[in-house]
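Chain and residue survey
Spelled out from the first residue to the last, the chains are:
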Amino acid sequence: MKLSQSVLGLFTGRRVRGGRALASGRMMGQVIARRFLLTAGMLFAVQGIVALLGAADLVIPDLPSPIPFEFGRSIHLGLATLWPFIGTLGLVYYFLVEELEHDIFSVRLANWQFWLVLLSSLGIYGSLALRIGNGREYLEGMPVFYVGICLSLALGALNFYKTLTSDRNAVTPASGVMVIGVFLLLIMLMPNIIHFSNPVADEGVKFWMVHLWEEMALELTTAGFVASFFKTTGMARPQDVEKWLYLEVTLTVVSALFGTGHHYFWIGYPAYWLVIGFVFSVFQLVPVVFLVHMTYKGLKRRVSTGRREKLALWLILSSLLYHVLGAYLMGFIISVPWVNLYMHGTFLTSGHAHLAVFGALGFLVLGGSYYCLSRGSEPDERSFRMGVLAVLALNLGLLLMAGSLLAGGLLQTYFWRVLGMDFMQVMQLVRPYLVLRMAGGGLFTLGDMLLGWQIFKAWKQTRPGSACAHPAD
Ligand code: HEM
Ligand code: HEM
């Protein structure tokens, strides 16, 4: 045996390639996926409470709080980026096994990856709660924890790659695309563990994580997951959802890479980025048309589904709505340099960020988490109604939050950037909109708690040995 293989074997443990399904009908890769998905669901539940307190702090300035607003905001942003990421890794584990019909390369690597990403994330939240931060928005935790996340991604990328190449005949477009997405997550995060003394370079690579994680790498895993979901539920024929997948992916990568330019407008980059950023932002709209087409194909056949699939589907359809309107259409409008000049960094950005990060990505990860964790059980009528209520509260809460941020943001832009009024005076004028946003946040948190509970219940009922668990789907 080669030396490199022996070293790899030391870390990866026993190979489980071609492993047989467990009594629950799941393979080991899917058992591990459940840990990632449950963690994502629980972190999401916590985020609702943290965020609501933050929104209250903005309108009630003397609200007693153990953590100052700026650190609370950093924890909120850490949660916003990391739970959809952790959930995505779970979805890749789950649907990779489903697509390839054989188990993952190494269970030990997957376990290492899970614990590394969990401990690093908790480290980020813990250190921020202790008021240790670095001021790099979205990456505010101690640098060592991002090294941990990078390492965990490297382990995941290796594991997924080995799983994919262990039987090349089994590779499907959806499985390939999801794995490329994970590699891109790693590549875009890596420069962020290096310290750049030049602030322009530092801001630039930060957007490789903020922008290229969300608009490129996670869009690839999203496309793979949606295709796989429609295939495994039998709602669409493989050829219908996979026909355009490679084209969609190519367009996503090219347009997102250069579209990053819309973040370079005012951070010290040469002026030609105004043109590049805008032009490629227009192209960014194209791949989302393919995503809509794929969903249309999935819904067209009208295959009758159970309550479990229905609930997951409504979460996925919610995601699609915000994908089109909140992320891509609104993203395009604010990418126009003359518009961005005025609205940059206002509540309009916050409105877009909530519609895109939660609306487009969060809903999708929650839909996938619920679907995968509830495998082997069917919600009763009461749980189903609770689930529907959760989806409604999340949608209405998000719309109220984003609507008030957009209205407040428009006024803020006009008073602050057009009329040149004082910042604090403007904050007083937009206060009613922030109160309305807090009300939306309350409704959202209700949905957040209800869905978090449904996800936890689904996980509990389908644990091996649980009385409610069915042997297989
Ligand atoms: C799922 C997809 C998307 C996600 C998750 C997302 C997320 C975000 C987030 C979190 C921010 C705030 C960044 C910050 O505070 O610095 C942001 C800003 C921005 N996004 Fe998006 N976005 C998405 C899609 C798009 C698209 C497709 C476009 C353009 C076509 C776009 C254009 C912009 C622009 C121009 C800004 C900067 C606003 C400003 O200058 O204040 N976004 N986005
Ligand atoms: C109860 C629900 C929520 C409330 C009340 C809330 C509140 C807030 C507040 C107060 C801020 C600080 C800046 C601002 O005033 O806009 C913020 C920023 C942000 N939140 Fe939330 N949030 C909620 C849920 C979420 C969720 C679920 C996500 C994503 C998973 C998210 C992602 C973000 C992002 C990306 C920013 C930064 C926006 C920017 O760069 O301007 N939020 N949120």
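Everything that follows concerns the structure shown earlier in this document.
Our subject in this report is the structure included herewith. (Residues numbered from 1 in each chain as written. Chains lettered and ligands numbered in written order. Predicted model: local features only at pLDDT ≥ 70, side-chain atom pairs only at ≥ 80, totals over all residues. Heavy atoms only, no water.)

1. Examining the nonpolar core
Ranked by size, the top nonpolar core spans 113 residues in total, and within it Trp 83, Phe 85, Leu 153, Phe 229 and Phe 358 carry the most contacts. Residue contributions to this core peak at 16 residues, all from helix H3 (residues 69-100). Not counting residues within four places of it along the chain, the set of residues in contact with Phe 85 comprises Val 117, Ile 149, Leu 153, Leu 185 and Trp 213. Membership of the second largest hydrophobic core comes to 8 residues, among which are Val 59, Phe 347, Phe 415 and Val 426. (Core = buried A, V, L, I, M, F, W, Y, C linked by side-chain atoms within 4.5 Å. Buried < 20%, exposed > 50% of the residue type's maximum accessible area, 1.4 Å probe, protein only. Helix = DSSP H or I, 4+ residues; strand = E, 2+ residues; numbered from the N terminus. Contact = heavy atoms within 4.5 Å.)

2. Focus on the site of ligand 2
Among the 23 residues in the neighbourhood of ligand 2, the closest are listed as His 76, Tyr 138, Ser 350, His 354 and Arg 437. At 2.7 Å from a nitrogen atom of ligand 2 is found a side-chain nitrogen or oxygen belonging to His 76. The side chain of His 354 places a nitrogen or oxygen atom 2.8 Å from a nitrogen atom of ligand 2. Every element with two or more residues in the shell around ligand 2 is listed here: helix H2 (28-59), H3, helix H14 (347-373) and helix H17 (431-461). The dominant element in the shell around ligand 2, judged by the number of residues it contributes, is H14, at 6 residues. Across the shell around ligand 2, the residue classes break down as 13 nonpolar, 7 polar and 3 charged. (Near = heavy atom within 4 Å. Polar contact = N/O pair within 3.5 Å; in protein donor to acceptor, adjacent residues only side chain to side chain. Nonpolar A, V, L, I, M, F, W, Y, C, P; charged D, E, K, R; others polar.)

3. A look at the coordination of the iron atom of ligand 1
Six octahedral donors around a metal ideally sit at 90 or 180 degrees from one another, while four tetrahedral donors ideally sit at 109.5 degrees. Within the protein, just one atom coordinates the iron atom of ligand 1: His 352 (NE2), at a distance of 2.1 Å. With respect to the element layout, His 352 can be found in helix H14. (Donors = N, O, S within 2.8 Å, 3.2 Å for Na, K, Ca; no water.)

Scope: geometric values only; no functional claims are made or implied.
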